Structures are given as structure tokens and as C-alpha cells.
Amino acid sequence: MAQNLMVQVASMGPQQLLALGIFASYFGLILWLFNRVLGSIQVASSQTQNERKGSLIQLFWALTAGSFAHTWFYMFQYMAWSFANFEDKNGVDVSSGILIRIANWLCETSLFEEAWAAVCFGKVNWWWSEQLCLFTVGAWTIFLYVEGSRHQIKHVWAYMILGQVVAISVASNLFYIALLSAKPQPRLEGKVAVPAKLWIPVFLSLATIPISPFTDEKTFLPNLLIMHVLIVLPLFSVSPMKTSKRGFSLSIFYLMVFLCSIPIRSSTVLNAANALPEADQSPYALFRAAWTTLHSHPAQSSIGWDIVWTTTSFVIWTVVSSTALNLFTTIYLIVATPFASVGVTAPYVLRPRTHEAPDSEIKDD
């Protein structure tokens, strides 16, 4: 077996070897990012003595494992589908070596672009995918920067990249664990200023989201790459947050992201509803169509369930981590999120309130 594989490798051309190398490097990158992220958590874990925090850490570890297993079940299904689809279209001789067949498939297929195209084009498909884009670009990028700075979490950028190459739900649950494991830090009192290196990339990246469904073969991938790259840049140089009477405040920043997200999301929901039969365009009909679309393609299933896991974990985190969450905000988060999406509700819930106590962390027992 091993000798046969070596013979196949020896017979490959430079392009085939490069394609295999990139594919292997993708999984190598994932392992390296997990090492970075888990290392940042392990350093802080020894400081955790609180029994309630320990229980919550176990809960988020379970959510991490569940979201990883669920989303990657469909990710591997997508890879298998893409491979079979390529061979069916090209009439590949299945008697040739499997490694050569895989190399040819990788040479002729852009998995990243193919997967995202499957989940972006189609009004109900985009109804799913936009939710993750809005959350990641808006609330999640800000949350990583602000809370990573406040709790002195190392390698905050690794959480974002891990989310992009694995699943946002996996990365977010790991970040919640990192926050629970870290030494409690008081919140800054007063007006917290947001640096330009954070708000400029966030707003520019937000602008790419409503464009995505209207791109073509030439503009789709550049627009998608801009969206992904911009939100990583500020996380490479996270600096301590400061209070200032001048500049862009964190509360206003979250509020503006919330207000920008509303028309973007509203347009998508209306477009998805209008794509339904005229006889029934009710919310129930839309959710029914969304459920059907969720299982229409393995790439759609992977990103769709990533949204479900991400939303579930965020709601749990918000409810258990804050001592200042009022009843209205809690009801709004639980009731509005299934309709508006976590991309819209998260920035509203996360914005600092002037009436909050300086430290709104989980209290020690």
C-alpha cells in the first residue's frame, strides 16, 4: 500500500504535488491554530478555582466538542460530494490511483470558493449564511478585540482564523472558555474609546456583506477574501482599551453596528420571503423553506449548523456571564434572535450600559 502511494507521488507533476501540499497544509494550519488557542487557555486554567465557573467551562467544552463534530461531519460530506461530483463530470477512470485522482480533483477545484458559492447564491441559502457573516464581522470581531484586551488573552487573532477555517461556533466556545479561565478583570469606567484600527476594518467588512449575493464569477472571491481578511487585521495588534472623552465610544460603536445590521438583514429576509410561492410567504413558510435548504447541500448544512451552534452558545454565554442583564434584554435576545439573527441582536446586547456595575463578570460563590 505504502509503496503504491509512493509510486503515485513519484508520477505526479509539480501542479499535482502543489495541490496536495496545499490541502495537507490546510489541516496542518488547523492543528497549529488549535495548539495556539488551547495553549492560551491552559495557561489561564490553573487560576480558576470557582466551582460555578468550573461547571460553565465544562459546559462550553461540551458545546465545543458538539459543534466541531456536527459541523465537520458535514464538512467531510462536502469534500466527498465535491470529489464525486468532479469525477462524474469529467468521466475519471476510477481504476487509476486514488492519490492521483485526489490530486487532479484538487488541481481543478477551488474548495473554498465552491463551498461559499453554494451557500451564498440562492435567496434562502443567503438567509442562512448572512447570519454568520453579520455576527462574525460585527459583534464577534469587536468582542474578541475588547474582551481579549481586557482579559489579556494571548493570540486573539488565532481564534478568528480558527473560526474561519474550522467553524465560528468552535472558536467562539473556546474563547468563552478562555474568558472564564482568565483572572477576572474590572471593566473600564467611563467612555471607552475605540481605536480606528478596529472600527475602520469592521465597517469596511460590513459593507462587503450586502454585496455578496450580487457578485459574479470575477468579483465573488475578491469580495469574500476582503471580508475575511479585514476582520483579522486589528486582532494582530490588540492594545489596551482606554477611557477618553474624545473619539468613538464602544457603546456607540456597538450601537452603530446594530443599526447597520438591521437594513442588511431586513433586505435578506424580505428577499427570501419573496422567493417563496405567493400563496404562502408567512414566517412559518420561510422557516420551513430554511429547514429544507439547510439540508440541500453538505456545505450549506455545515455553515447552517455552525450558525445554530454559534447562536446557542452566544445566548448561553450572555445569560450566564452577565450580572447586569435586565429582563427586557434577556427576552429580546431569546425571542428576537431566531427572527432577526444573532448578527443583529448580539451588538445590541453586548453594548456597554452606563448603569452597569464596573465588574459584570460571573461572581464567585
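Throughout what follows, the structure given in this document is the object of discussion. Model, not experiment: these values are computed from the prediction. (Residues numbered from 1 in each chain as written. Predicted model: local features only at pLDDT ≥ 70, side-chain atom pairs only at ≥ 80, totals over all residues. Heavy atoms only, no water.)

### Regarding the overall build of the chain
Part 1 of the argument: Looking only at helices and strands, the chain has 15 helices and three strands in total.
Part 2 of the argument: Taking 2.2 N^0.38 as the reference for a compact globule, 365 residues should give roughly 21 Å; the C-alpha atoms of the chain span a radius of gyration of 22 Å, in line with that estimate.
Part 3 of the argument: In terms of its C-alpha atoms, the chain occupies a principal-axis envelope of roughly 70 × 55 × 35 Å.
Part 4 of the argument: Out of the 365 residues in the chain, the part that is buried amounts to 49%.
Part 5 of the argument: A fraction of 83% describes how many contacts in the chain between residues 6 or more apart in sequence connect residues 24 or more apart.
Part 6 of the argument: As presented, the chain carries roughly 17400 Å² of accessible surface, and 65% of it is formed by carbon and sulfur atoms.
Part 7 of the argument: Distance between charge centroids for the chain: 13 Å, based on 21 positive and 20 negative side chains. (Helix = DSSP H or I, 4+ residues; strand = E, 2+ residues; numbered from the N terminus. Rg over C-alpha atoms; globule rule 2.2 N^0.38 Å. Buried < 20%, exposed > 50% of the residue type's maximum accessible area, 1.4 Å probe, protein only. Contact = heavy atoms within 4.5 Å. Areas by Shrake-Rupley, 256 points an atom, 1.4 Å probe, with all protein chains shown as cover. Lys, Arg positive; Asp, Glu negative; His and termini not counted. Charge placed at Lys NZ, Arg CZ, Asp CG, Glu CD.)

### Concerning the packing of aromatic side chains
Part 1 of the argument: In total, this model carries 37 aromatic pairs according to the counting rule given.
Part 2 of the argument: Ring geometry for Phe143 and Trp317: centres 6.5 Å apart, planes at 75°, overall edge-to-face. In this pair, Phe143 sits in helix α6 (residues 123–150) while Trp317 sits in helix α13 (residues 298–321), placing the two residues 174 residues apart along the sequence. Across the pair, Trp317 and Phe143 agree in class, each one buried.
Part 3 of the argument: The structure contains a cluster of three or more aromatic residues connected by ring pairs, namely Phe23, Tyr26, Phe27, Phe34, Phe68, Trp72, Phe76, Phe83 and Trp105.
Part 4 of the argument: Directly above the ring of Tyr348 sits Arg351, whose terminal nitrogen or CZ lies 4.1 Å from the centroid. (Phe/Tyr/Trp six-rings, centres within 6.5 Å; stacked < 30°, edge-to-face > 60°. Lys NZ or Arg CZ within 6 Å of the ring centre and 35° of its normal.)

### Brief notes about unusual backbone geometry
Part 1 of the argument: Of note, Gln152 is a non-glycine position whose phi angle comes to about 55°, a positive value.
Part 2 of the argument: Inspection of the secondary structure puts Gln152 in the loop between α6 and α7 (156–165).
Part 3 of the argument: With a relative accessible area of 62%, Gln152 lands in the exposed category.
Part 4 of the argument: In this structure, His155 takes a positive phi of about 55° despite not being glycine.
Part 5 of the argument: By the element assignment, His155 lies in the loop between α6 and α7.

### Overview of the environment of Thr345
Part 1 of the argument: Along the chain, Thr345 falls in helix α15 (residues 342–350).
Part 2 of the argument: A relative accessible area of 0% places Thr345 in the buried class.
Part 3 of the argument: Along the backbone, Thr345 and Asn223 are 122 residues apart, and their C-alpha atoms lie at a distance of 25 Å.
Part 4 of the argument: Setting aside chain neighbours within four positions, we find Thr345 in contact with Tyr332, Leu333, Ala336, Thr337 and Ala340.
Part 5 of the argument: Side chain to side chain, Thr345 and Thr337 meet in a polar contact 2.9 Å long. (Polar contact = N/O pair within 3.5 Å; in protein donor to acceptor, adjacent residues only side chain to side chain.)

### Remarks on the nonpolar core
Part 1 of the argument: Counting residues in hydrophobic clusters, the biggest one holds 109 residues, and the most contacted among them are Phe143, Tyr159, Val166, Leu174 and Ile209.
Part 2 of the argument: A per-element tally of this core places α6 first, with 16 residues.
Part 3 of the argument: Beyond its immediate stretch of four places on either side in the chain, Leu174 contacts Phe34, Val37, Leu38, Ile41, Trp61, Thr64, Tyr159 and Leu162. (Core = buried A, V, L, I, M, F, W, Y, C linked by side-chain atoms within 4.5 Å.)

### Section: the packing of helix α5 (residues 111–120) against α13
Part 1 of the argument: The interhelical angle for the contact between α5 and α13, taken along N-to-C directions, is 75°, at an axis separation of 8 Å. With respect to their mutual orientation, α5 and α13 come out roughly perpendicular. Contacts from Ala115, Trp116, Ala118 and Val119 in α5 reach Ala299, Gln300 and Ile303 in α13. (Axes fitted to C-alpha atoms, helices over the stretch in contact; angles between N-to-C directions. Parallel < 35°, antiparallel > 145°, perpendicular 65-115°, else oblique.)

### Remarks on the environment of Ile161
Part 1 of the argument: Its location among the elements puts Ile161 in helix α7.
Part 2 of the argument: Judged by relative accessible area, Ile161 falls into the buried class, the value being 18%.
Part 3 of the argument: Contacts of Ile161, omitting those with residues within four sequence positions, involve Leu33, Val232 and Phe236.

### Some details on the pattern of salt bridges
Part 1 of the argument: Applying the stated rule across the entire model yields four salt bridges.
Part 2 of the argument: Between Arg101 and Glu87 there is a salt bridge, and its shortest N-O distance comes to 2.8 Å. Within this pair, whereas Arg101 is found in helix α4 (residues 98–108), its partner Glu87 is found in helix α3 (residues 51–90), the two being separated by 14 residues in sequence. Across the pair, Glu87 and Arg101 agree in class, each one buried.
Part 3 of the argument: The shortest N-O distance in the salt bridge between Glu147 and Arg150 comes to 3.1 Å. Residue Glu147 and its partner Arg150 are located together in helix α6, separated by three residues, close to a single helical turn. (Salt bridge = Lys/Arg side-chain N within 4 Å of Asp/Glu carboxyl O.)

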